[in-house]
Every structure is written in structure tokens, then in C-alpha cells.
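# Remarks on the overall topology
If you want the building blocks of each chain, they are given just below.
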Amino acid sequence: MDKDKFFMLEALKQAKKAFDEDEVPVGSVLVHDNKVVARGYNQVEKLKDATAHAEMLCLTAGSMHFNNWRLKDTTLYTTLEPCIMCAGALILARVKRLVWSSKDLRVGANGSFIDVFEKDHPIHSLDITTGVLKDISSDLMTKFFQKIRKKKLLDNV
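All values derive from a computational prediction rather than experimental measurement.

A count of helices and strands for the protein chain gives five helices and five strands. In sequence order, the protein chain lays out its α and β elements as α-β-β-α-α-β-α-β-β-α. Against the globule reference of 15 Å for 157 residues, the protein chain gives a C-alpha radius of gyration of 15 Å, in line with a compact fold. In terms of principal-axis extent, the alpha carbons of the protein chain reach across some 55 × 35 × 30 Å. The 157 residues of the protein chain split such that 43% are buried. Here the contacts in the protein chain between residues at least 6 apart in sequence split such that 58% fall between residues at least 24 apart. As presented, the protein chain carries roughly 9000 Å² of accessible surface, and 54% of it is formed by carbon and sulfur atoms. Charge centroids of the protein chain, computed over 24 positive and 21 negative side chains, lie 2 Å from each other.

So, on to the nonpolar core. Counting residues in each nonpolar core, the largest one holds 18 residues, and the members touching the most others are Leu76, Leu90 and Val95. If you list the elements that add at least two residues to this core, you get strand E2 (35–41), helix H3 (54–66), helix H4 (84–92) and strand E4 (97–102). Phe7, Val29, Val99 and Leu133 belong to the second largest nonpolar core, which has 10 residues in total.

Our focus in this paragraph is the pairing of strand E1 (residues 27–32). Successive side chains on a regular strand alternate, one facing one side of the sheet and the next facing the other. Burial runs high along E1: five of the six residues are buried. In the sheet, E1 pairs with E2 via six bridges, with the strands oriented antiparallel. In the sheet register, Val31 faces E2, and the bridge partner there is Val36. Where E1 hands over to E2, the hairpin turn is made up of two residues, of which Asp33 adopts a positive phi near 50°. Here E1 runs beside strand E3 (residues 75–80); their pairing, made up of four bridges, is antiparallel.

Criteria and cut-off values
Residues numbered from 1 in each chain as written. Predicted model: local features only at pLDDT ≥ 70, side-chain atom pairs only at ≥ 80, totals over all residues. Heavy atoms only, no water. Helix = DSSP H or I, 4+ residues; strand = E, 2+ residues; numbered from the N terminus. Rg over C-alpha atoms; globule rule 2.2 N^0.38 Å. Buried < 20%, exposed > 50% of the residue type's maximum accessible area, 1.4 Å probe, protein only. Contact = heavy atoms within 4.5 Å. Areas by Shrake-Rupley, 256 points an atom, 1.4 Å probe, with all protein chains shown as cover. Lys, Arg positive; Asp, Glu negative; His and termini not counted. Charge placed at Lys NZ, Arg CZ, Asp CG, Glu CD. Core = buried A, V, L, I, M, F, W, Y, C linked by side-chain atoms within 4.5 Å. Pairing = 2+ DSSP bridges.

The structure is reproduced here in C-alpha cells:
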């Protein structure tokens, strides 16, 4: 198995944690020197915080790990195309590489809704790989929203 698939599976484990907690199933891991140094999963509902995306929580944990907000020479693996907020944070944190799994047609900031990365940024740019294990990530997302819809239907009975 190649390393992108290996680390995306680690991000998917984080997404499954979100799924199990009735959060939108997005998970992220931050990798440095082929080791996971930080993990995060979506906790918007739990923390009542619109900024508690998997990527944001993972970047914060990474900053704590390095005791530095500059996350140079790291790769962020995330199960969903980052939104505008998370894309901006990746640029500001100086993450070297981004690997994401499935598209986010509603707010994806790497071409699905808007492409934050298409214009050369004056201070930092990322290497980006997309679509790694996208079927697994998309399937988890589909199952989550089916579960939520079913729960809402049952609540209205």
C-alpha cells in the first residue's frame, strides 16, 4: 500500500469517530517524517463551534506538537475537500502538502465551490493530491446523511 493510502486510512479512522458521535464524518491527520503527529475529527456539534472542523483541530494539535504555528514539511491528510476557512489555515500554517479524499460540492475550496489554491499566494503554496480513497470517504458521508435523515423521520413519527 502506498503511503498516501496508508495515511488516508488513518484520517478515515478519525472520520469514523465523528460518525459515531453524530458529527459530519470528516477526519484529518498531520504527518511529519512519515509519522502521524496530530489527529482531528469534526466536532462542530459537540463543541457548538462552526470552526471545529477536523482540519482546524488537527492543525491546532500539530502546532502544539511542534510548539510552533509554522507546520513546515508536514502533510495534512483529510477525508473531505477543505472549505475556505480550512484552506486559508493550511496556507497560513505553511503546511507543505495537502491530500484530500472526496469532493465537497457545497463549500469545497479546491475547485468544487471555489479554488483558493489556484492563484499563486505571495507567502506559501501547497502541493495537492486529490481523490485518495474517495469511494470509502464518500460512502461514509452518504451513510451518515442517510442515518441523519432516518433519525429525523423517526423523530417526526
